[in-house]
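Descriptive analysis of the structure
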Amino acid sequence: MASPTPELLFELPNFMRVYKDGTVERFIGTEIVPASTDPTTGVRSKDALIDKETGVSARIYIPKTTANANDNKKLPLLVYFHGGGFCIETAVSPTYHHHLNSLAAEANVVVVSVDYRRAPEHPLPAAYDDSWAAIKWAASHSKGGGPEVWLNECVDFDRVFFAGDSAGANISHHMGIRVESENPDGFKLVGIALIHPYFGGEEPIGGERDNAAGKAMGDKLWLFACPTSSGLDDPLFNPGKDPNISKMGCGKVLVCVAEKDMLRDRGWYYKEELVKSGWRGVVEVMEAEGENHVFHLINPTCDNAVAMLKRLAAFMN
């Protein structure tokens, strides 16, 4: 006799299902690729374990024009946080491996791509905690005595950037604020880039008013990923409600939005709130016409994706 099908607890159509017995089915982002030397760009990558207890790790990328120990030739560091609604994708999936090979080569930067723990097995704030642990681990190399030679020898820790897409952009924002209050010794955060940031709020804004179903799905995903959340106006989800938004720990922010993305207006709203807060930095928005959410990962060779890659590279140089 066949076992009964477990009762469905949560579904993100085409992406994942979670059942009440704890079973999780992920339909994308499950494939992994090994670290390697990319034949197209010459970028090399390797994996590093950050915390044995949590299993948090990172994939490190170093461009072909590898710096030597001469301080004048060291490269900027990008700490990158992948997207996936805090629930899917990893730092070692083909999607992010190929994207960060391209970004490391175009921007000529060293990249630390954080493989944080995901919901529902590890609900928020696990991803935030893991990301902060990765930042402190990277900073531990600033005086040349860390466990990873590439970071010791090749990184200029006065030129550090954070970036991420979707949920990873949300993480980047919160890590940027945390740097201001808990600045790890040894590095300077210059800027953060938020690509199609996953933010929300109780009241619909802009195009959300015409897409109630889309907003409801985004809201449901947040409450699923962060079951201890205070709600849709939780400062972790709605930066406009965060009294600490003015404490962003860098001097410049780049927000990338896509015209057809349901989250587009949240990106513009973020800029408005950051400016209104009294933060003294510079925030810019780049909008891709005719494009949808994370289009650059789906079609990385299209004109808008190439333009965004170049804009990100310029932002870090």
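Residues numbered from 1 in each chain as written. Predicted model: local features only at pLDDT ≥ 70, side-chain atom pairs only at ≥ 80, totals over all residues. Heavy atoms only, no water.

1. As for the UniProt feature "domain: Alpha/beta hydrolase fold-3" (unreviewed entry) in the protein chain
What counts here: UniProt positions are given in the numbering used here, feature names are shortened, and annotations may be inferred rather than shown by experiment. Numbering of helices and strands runs from the N terminus; a helix is a DSSP stretch of H or I covering at least four residues, while a strand is a stretch of E covering at least two.
The positions UniProt marks with the feature "domain: Alpha/beta hydrolase fold-3" (unreviewed entry) are residues 78-296. The span residues 78-296 is 36% helical and 19% strand by assignment, and the distance between its end C-alpha atoms comes to 18 Å.

2. Structural notes on the pairing of strand E7 (residues 110-115)
Rules: Any residue under 20% of the maximum accessible area for its type is buried, any over 50% is exposed, and the rest in between are partly exposed; the area is computed with a 1.4 Å probe on protein chains only. Whether two strands pair depends on DSSP finding at least two bridges between them. When the strands point away from the viewer and the path from the first strand over the helix to the second turns clockwise, the crossover is right-handed.
With 6 of its 6 residues buried, E7 lies for the most part within the structure. Where strand E5 (residues 57-62) and E7 come together, 5 bridges link them in antiparallel fashion. Across the sheet, residue Ala58 finds its bridge partner in E7, namely Val114. As a crossover connection, the stretch from strand E6 (residues 75-81) through helix H1 (residues 94-107) into E7 is right-handed.

3. Let's talk about the packing of aromatic side chains
Just so we agree on the cut-off: Ring pairs are drawn from Phe, Tyr and Trp, using the six-membered ring of Trp, whenever the two centres fall within 6.5 Å, and their geometry is named by plane angle: stacked under 30 degrees, edge-to-face over 60, tilted for the rest.
This model, assessed by the stated rule, comprises 11 aromatic pairs. Arranged with centres 6.1 Å apart and planes meeting at 45 degrees, the rings of Phe86 and Tyr198 form a pair that is tilted. With Phe86 in the loop between E6 and H1 and Tyr198 in the loop between strand E9 (189-195) and helix H5 (212-225), the pair connects residues that are 112 residues apart, well separated along the chain. According to the relative accessible area criterion, Phe86 is buried, its value standing at 1%. With relative accessibility at 4%, the residue Tyr198 sits in the buried group. Here the aromatic rings of Trp222 and Phe237 are separated by 4.8 Å at their centres, their planes lie at 5 degrees, and the arrangement is stacked. Residue Trp222 is found in helix H5, and its partner Phe237 is found in the loop between H5 and strand E10 (252-258); the two are separated by 15 residues along the sequence. Pairwise contacts between aromatic rings join Phe86, Tyr128, Tyr198, Trp222 and Phe237 into one cluster.

4. A short note on the packing of H1 against helix H8 (residues 303-315)
What counts, and what does not: A fitted line through C-alpha atoms serves as each axis, taken over the contacting stretch for helices, and the angle formed by two N-to-C directions is quoted from 0 to 180°. Note that the term roughly parallel is reserved for angles under 35 degrees, roughly antiparallel for angles over 145, roughly perpendicular for angles of 65 to 115, and oblique for everything else. Left-handed is the label given to a crossing in which the near helix is rotated counterclockwise from the far helix by less than a right angle, and right-handed is the label when the rotation is clockwise. It only takes one pair of heavy atoms within 4.5 Å for two residues to be counted as in contact. Residues are grouped as follows: Ala, Val, Leu, Ile, Met, Phe, Trp, Tyr, Cys and Pro are nonpolar; Asp, Glu, Lys and Arg are charged; all remaining types, including Gly, are polar.
Packing of H1 against H8 leaves a shortest axis separation of 9 Å and a crossing angle of 50 degrees. By the angle class used here, H1 and H8 are oblique. Crossing hand, H1 versus H8: right-handed. Only Leu309, Lys310, Leu312 and Ala313 of H8 make contact with H1, whose side of the interface consists of His99, Ser102, Leu103, Glu106 and Ala107. Taken together, the residues that form the contact of H1 with H8 break down as 5 nonpolar, 2 polar and 2 charged.

5. Remarks on the sheet that holds strand E2 (residues 16-19)
Strand order in the open sheet formed by 3 strands is E1-E2-E3, with antiparallel pairing between adjacent strands. Of all the strands in the sheet, the pair left with one neighbour each is strand E1 (8-12) and strand E3 (24-26). Across this sheet, the average inter-strand angle for adjacent strands is 10 degrees, counted without regard to direction. Pairing of E1 with E2, which is carried by 4 bridges, proceeds in the antiparallel orientation. Across the sheet, Glu11 pairs through a bridge with Arg17, a residue of E2.

6. Some thoughts on H5
Here is the rule: To estimate how far a helix should extend, the number of its residues minus one is multiplied by 1.5 Å.
Compared with an ideal rise of 1.5 Å per residue, which puts 14 residues at 20 Å, H5 spans 20 Å between its outermost C-alpha atoms and is within 8% of the ideal. Buried residues of H5: Gly214, Lys215, Gly218, Asp219, Leu221, Trp222, Phe224 and Ala225, and no others.

7. Here we look at the confidence of the model for the protein chain
To keep it simple, the criterion reads: pLDDT is a per-residue confidence score from the predictor, ranging from 0 to 100.
Across the protein chain, the average pLDDT comes to 95, with 97% of residues at or above 70. Taken together, the stretch residues 67-71 has pLDDT below 50 and engages in 9 contacts with residues farther than four places along the chain or on a different chain.

8. Section: the environment of His97
Its place among the elements puts His97 in helix H1. A relative accessible area of 3% means that His97 is categorised as buried. C-alpha separation for the pair His97 and Val33, spaced 64 residues apart in sequence, amounts to 7.5 Å. Excluding anything up to four places from it in sequence, His97 contacts Val33, Pro34, Ala35, Ser36, Ser45, Arg59 and Tyr61.

9. Points about the pattern of salt bridges
To be explicit about the condition: The working definition used for a salt bridge is a side-chain nitrogen of Lys or Arg within 4 Å of a carboxyl oxygen of Asp or Glu.
Enumeration over the complete set of coordinates arrives at 17 salt bridges. Put simply, Asp130 and Arg117 hold a salt bridge, and the shortest N to O gap is 2.8 Å. Taken together, the residues span a long stretch of sequence, with Asp130 in helix H2 (residues 126-139) and Arg117 in the loop between E7 and H2 at a distance of 13 residues. By relative accessible area, which is 2% here, Asp130 ends up buried. With a shortest N-O distance of 2.8 Å, Lys143 and Asp185 are connected by a salt bridge. Within this pair, whereas Lys143 is found in the loop between H2 and helix H3 (149-154), its partner Asp185 is found in the loop between helix H4 (167-182) and E9, the two being separated by 42 residues in sequence. Grouping residues by exposure puts Lys143 and Asp185 together as exposed. In this structure, a network of salt bridges that share partners links the residues Glu11, Arg17 and Glu25.

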